[in-house]
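Residues per chain are reported as follows:
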Number of protein chains: 2
Amino acid sequence: MKLSPSEENYLKAIYHLEQASDTGVTTNALAQRMETKPSSATDMVKRLAEKELLHYVRYRGVTLTNEGTKSALQIIRKHRLWQVFLVEKLHFHWDQVAEIAEQLEHVHSEELIARLERFLGEPDFDPHGEPIPSKDGTIKQTAKKLLAELKKNQGGVCVGVKESSPEFLQYLDKKNITIGTKIKVLGKEFFDGSMVILVGKDQSFISKKTAENLYVQTL
Amino acid sequence: MKLSPSEENYLKAIYHLEQASDTGVTTNALAQRMETKPSSATDMVKRLAEKELLHYVRYRGVTLTNEGTKSALQIIRKHRLWQVFLVEKLHFHWDQVAEIAEQLEHVHSEELIARLERFLGEPDFDPHGEPIPSKDGTIKQTAKKLLAELKKNQGGVCVGVKESSPEFLQYLDKKNITIGTKIKVLGKEFFDGSMVILVGKDQSFISKKTAENLYVQTL
DNA sequence: ATCAATATTTAGGTTGTGCTAAATAATTTT
DNA sequence: AAAATTATTTAGCACAACCTAAATATTGAT
Ligand SMILES: [Mn+2]
Ligand SMILES: [Mn+2]
Ligand SMILES: [Mn+2]
Ligand SMILES: [Mn+2]
């Protein structure tokens, strides 16, 4: 089915909200995520229900159908592949690619995305460490945990970020943390969850909030 | 100014029609090119006039303003750079790229197109031999002529196509003609303008229509 | 259980981009 | 020059995607 950019953006938003909560997605949550009004979200949700991309029960929220989930995954796939292109080939910084990928993801061409994937060497993860769904919708999951879950003296490699806002990514740069960086917990403050960590050879102080947005793979 | 895909497509169409005729563009011509109805073209033309991208006189047609021409050239620039990407990097065939570039050209990001141009090695021409406008709107013109203008025993290198429909490009493939192919006129029929030409080492027969859609650079 | 607060939907309006049918202007033919 | 033909515009409708304000349903507190 050929969807409009707006429809695709809504589907993606619903998918991500479903993932984050494992429950139906409410109109308010969706409107907030889409930066629109609840009444606009209701309108769109009705259209998507009409197209059988989601189940909608008035006042009860929304869940994607199989079709809807499949569509959402394909858009995410395109978004992430384009992000890889922007960083690996055009040398964009990892905090600059989201906005452009938001547009590129809506270009309709199966052939294009197949060839792009090939050209990029069939990457498994995007520049933020997020997995790239395959053409059939499969996602490669890795055993990652939040840095905040590690105990003192445990260490690992940074494999992703939970939030990927430019602000956070730029902050990580300042701290010399990026995908692939080795991190070890030197100390953890019980009071506020803050940590002293080893980044490469240097010590660094990070807040609980930061530790809760960094994924690491333990060694 | 941030324009919608539809507005951008209209601007491009008007630019091309102006180039082809050196006179004002009529509503009917525009509607035909855009594959829409004259009434729709009138609507759009009014909006673009409002934005001062073109001059519009009722019943008299339309001409682009300087602003409008600048915008059109930037869209054409993006279209052609993306076409180079699709052919050179993703190995699309030259007859498959127009449709996808029609979408990619509407992605808004100065930075993206600057980096893409760099990545592609700052090409001067697209896969159909058409010049790529520079960032400031300059077009590199070459001394090319239509194959149809050549006399017997004159020869040259194919440097472009006037029409770039998939049908025509596929036909050229069958004839083993592409950008860079050496061609020599062995004979020209006065009656219907058809030609016998030398393509590489082989003889080939082409119609006047074909000869009028092939650009060559004489040696 | 009732009421207040919150969430959601509906009603009705706006803008962009298309359409058809009818009106009007321009051009060509006679 | 008038009539016929063609080109163009206008009027009015439709749909997607937004909005605000008002109505209604759900939830949480008393
Ligand atoms: Mn998007
Ligand atoms: Mn990402
Ligand atoms: Mn286009
Ligand atoms: Mn071209």
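Residues numbered from 1 in each chain as written. Chains lettered and ligands numbered in written order. Predicted model: local features only at pLDDT ≥ 70, side-chain atom pairs only at ≥ 80, totals over all residues. Heavy atoms only, no water.

Going by the annotation in an unreviewed UniProt entry, the name recorded for chain A is Transcriptional regulator MntR, with Marixanthomonas spongiae given as the source organism. UniProt lists a comment for chain A under the heading Subunit (unreviewed entry), and it reads "Homodimer." UniProt annotates chain A under Function (unreviewed entry) with the comment "In the presence of manganese, represses expression of mntH and mntS. Up-regulates expression of mntP." (UniProt positions renumbered as here; feature names shortened; annotations may be inferred.)

Quick word on the protein's contact with DNA strand C
Around DNA strand C, a shell composed of 22 residues is seen, among which Lys46 and Tyr56 of chain A together with Ser4, Thr36 and Ser40 of chain B lie nearest. Here the atoms of DNA strand C within 4 Å of the protein split so that 79% fall in sugar or phosphate, with bases taking the remainder. At a separation of 2.4 Å, a phosphate oxygen of DNA strand C approaches a polar side-chain atom of Ser4 of chain B. Ser6 of chain B is positioned such that a nitrogen or oxygen atom in its side chain is 3.3 Å from a phosphate oxygen of DNA strand C. At the level of elements, α2 (27-34) and α3 (38-50) of chain A together with α1 (5-21) and α3 (38-50) of chain B are the ones that each hand at least two residues to the surface near DNA strand C. Broken down by element, the residue count for the surface near DNA strand C peaks at five residues, all from α3 of chain B. (Near = heavy atom within 4 Å. Polar contact = N/O pair within 3.5 Å; in protein donor to acceptor, adjacent residues only side chain to side chain. Helix = DSSP H or I, 4+ residues; strand = E, 2+ residues; numbered from the N terminus.)

Notes on the relation of the copies chain B and chain A
The two copies are related by a screw motion: chain B maps onto chain A through a turn of 180° and a shift of 0.0 Å along the axis, at an RMSD of 0.1 Å. Here the copies are linked by what is in effect a two-fold axis. The rotation axis passes nearest to the C-alpha of Leu104 of chain B in chain B, at a distance of 3.6 Å. A symmetric contact is evident, with 100% of the interface residues of chain B recurring at the interface of chain A. (Least-squares fit on C-alpha atoms with pLDDT ≥ 70 in both. Contact = heavy atoms within 4.5 Å.)

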